[in-house]
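Here is how the chains run, residue by residue.
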Amino acid sequence: MSTDHDAAGLKASILVEALPYIRRFAGKIVVVKYGGNALAGTSDHDALSLFAEDIVLMRLVGMRPVVVHGGGPQISDLMKRLGKETEFVDGLRVTDAETVDIARMVLKGQVNPQIVAAINVHGHYAVGVSGVDGGLIRATARDERLGFVGDVTEINPEVIHGLLDDEFIPVIATIGSDINGQAYNINADTVAGAIAESLGAEKLVYLTDIEGLRRDVADAASLIRQTTADELDQLIADGIIAGGMIPKVTSCIHAVRNGVGNAHILDGRIAHVLLLEIFTDSGIGTMIKGLHGTTGLQGDDA
Ligand code: ADP
Ligand code: MG
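Worth saying up front: this structure is predicted, and the values here are computed from it rather than measured.

What counts and what doesn't
- Residues numbered from 1 in each chain as written.
- Chains lettered and ligands numbered in written order.
- Predicted model: local features only at pLDDT ≥ 70, side-chain atom pairs only at ≥ 80, totals over all residues.
- Heavy atoms only, no water.
- Axes fitted to C-alpha atoms, helices over the stretch in contact; angles between N-to-C directions.
- Helix = DSSP H or I, 4+ residues; strand = E, 2+ residues; numbered from the N terminus.
- Parallel < 35°, antiparallel > 145°, perpendicular 65-115°, else oblique.
- Left-handed = near helix turned anticlockwise from the far one by under 90°.
- Contact = heavy atoms within 4.5 Å.
- Nonpolar A, V, L, I, M, F, W, Y, C, P; charged D, E, K, R; others polar.
- Polar contact = N/O pair within 3.5 Å; in protein donor to acceptor, adjacent residues only side chain to side chain.
- Pairing = 2+ DSSP bridges.
- Buried < 20%, exposed > 50% of the residue type's maximum accessible area, 1.4 Å probe, protein only.
- Near = heavy atom within 4 Å.
- Areas by Shrake-Rupley, 256 points an atom, 1.4 Å probe, with all protein chains shown as cover.
- 1 Å grid on protein atoms, 1.4 Å probe; cavity = no way out; pocket = protein on both sides within 12 Å on 5 of 7 lines; lining within 4 Å.
- Sits in = over half its atoms within 2 Å of the grid points.

Focus on the packing of helix α8 (residues 229-237) against helix α9 (residues 245-257)
The contact between α8 and α9 brings their axes to 9 Å, and the two run at 155 degrees. As summarised for this structure, α8 and α9 are arranged roughly antiparallel, according to the angle between their axes. Crossing angle aside, the handedness with which α8 passes α9 is left-handed. On the side of α8, the interface is formed by Ala229, Asp230, Leu232, Asp233 and Ile236, while α9 contributes Val249, Thr250, Ile253, Val256 and Arg257. When its residues are assigned to classes, the contact of α8 with α9 shows six nonpolar, one polar and three charged.

Notes on the environment of Thr99
Along the polypeptide, Thr99 turns up in helix α5 (residues 97-120). Expressed as a C-alpha distance, the spacing of Thr99 and Asn120, which sit 21 residues apart in the sequence, is 30 Å. The residues touching Thr99, leaving out its near neighbours within four places in the chain, are Met79, Lys84 and Val94. Reaching out from Thr99, the side chain makes a polar contact with the side chain of Asp96 at a distance of 2.6 Å.

Some remarks on the sheet that holds strand β1 (residues 29-34)
Reading across the sheet, the eight strands line up as β5-β8-β2-β1-β11-β13-β14-β12 and stay open at both edges, with mixed pairing between neighbours. A single partner strand is all that each edge strand has here, and the edge strands are β5 (126-130) and β12 (226-228). Strand-to-strand twist of the sheet, defined as the mean angle between neighbouring strand axes without regard to direction, takes the value 20 degrees. Inspection of the sheet shows β5 paired to strand β8 (residues 169-173) by five bridges, in the parallel sense. Within β8, the residue paired with Val129 across the bridge is Ile172.

With respect to unusual backbone geometry
The phi dihedral of Glu167 is positive, around 65 degrees, even though this residue is not glycine. Residue placement: Glu167 occurs in the loop between α6 (158-165) and β8. Looking at Glu167, the relative accessible area reads 51%, which means it is exposed. Here His272, not a glycine, exhibits a phi torsion of approximately 60 degrees, which is positive. For His272, the position within the fold is in the loop between β13 (262-267) and α10 (273-279). The class of His272 is partly exposed, set by a relative accessible area of 26%.

Let's talk about the site of ligand 1
Taken together, 17 residues surround ligand 1, and among them Thr208, Asp209, Arg214, Ile240 and Lys248 come closest. For ligand 1, an oxygen atom lies 2.7 Å from a polar atom in the side chain of Thr208. Within the complex, 81% of the 570 Å² of free accessible area of ligand 1 lies under protein. Its atoms largely coinciding with the cavity grid, ligand 1 occupies the largest pocket. Within the residue set of the shell around ligand 1, elements represented by two or more residues are α2 (36-40), β11 (203-208) and α9. Residues that form the shell around ligand 1 fall into these classes: seven nonpolar, six polar and four charged.

Okay, structure coming up:
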């Protein structure tokens, strides 16, 4: 009996702990980048359903979540199944016309509807768009030799504002197009940052496959819990940030310097990590403090 009572008390206290956060984040936009690696690890779809629950809960308590996703592992997978060899120039992967077609098919035809469907198990919330829709992501070739891999030149967020105003959860596949309508595959980390900036998001969150930023990649005990854009500039210069972390950290730095509240790098393998970060007092993962971001409830006069 007493354990039932304790359990009920614990549940109630968790909800009460969430109250000030619910109040603080009401109406606020949170851009969440869901990594292709996180998705690749969900053959049983469990992690994806947990993620979908978090996103729906955020929306139901009045936040305005926006999901941006990648799909690198899934693209490589289909390329392999089609027997298509990847070409490299100076060690960099070339995205030829056929490859960008495959990327578009996988992102908009497979990964995007998978996420949309997982969210919509809970109601009619999510709408999938790609960066081509409404001219959302304007891109240009990064390097002619690399083919159709693009850099973002402009974000036109009208279509996202429209969806948010209609209370939908936008789910964005990171294919962009140039002024001639040519499609480009664009790094999803970069797109998430650019979209967060264009929306003036309260938070930019990266869900990845490691617990956060490490001061030493090989040492799990070296997690950086809180940092600033200036400190991250130094970590990049020191070569501490490598590989897939580079576009995330670069985007976090740019975003917090351009109006985004705070940025976070979280472990997408932890069940309900988004809820833990947003609605509880326990700091989790790495937080990059912005100029306008709020770090605790102290001084909360809302
Ligand atoms: P995602 O699918 O989330 O984009 P990536 O593999 O592209 O995943 O990026 C995450 C990886 O970045 C980590 O698994 C880790 O191997 C690597 N990494 C490089 N430098 C760091 C660092 N300083 N701290 C943490 N991870 C790092
Ligand atoms: Mg990556």
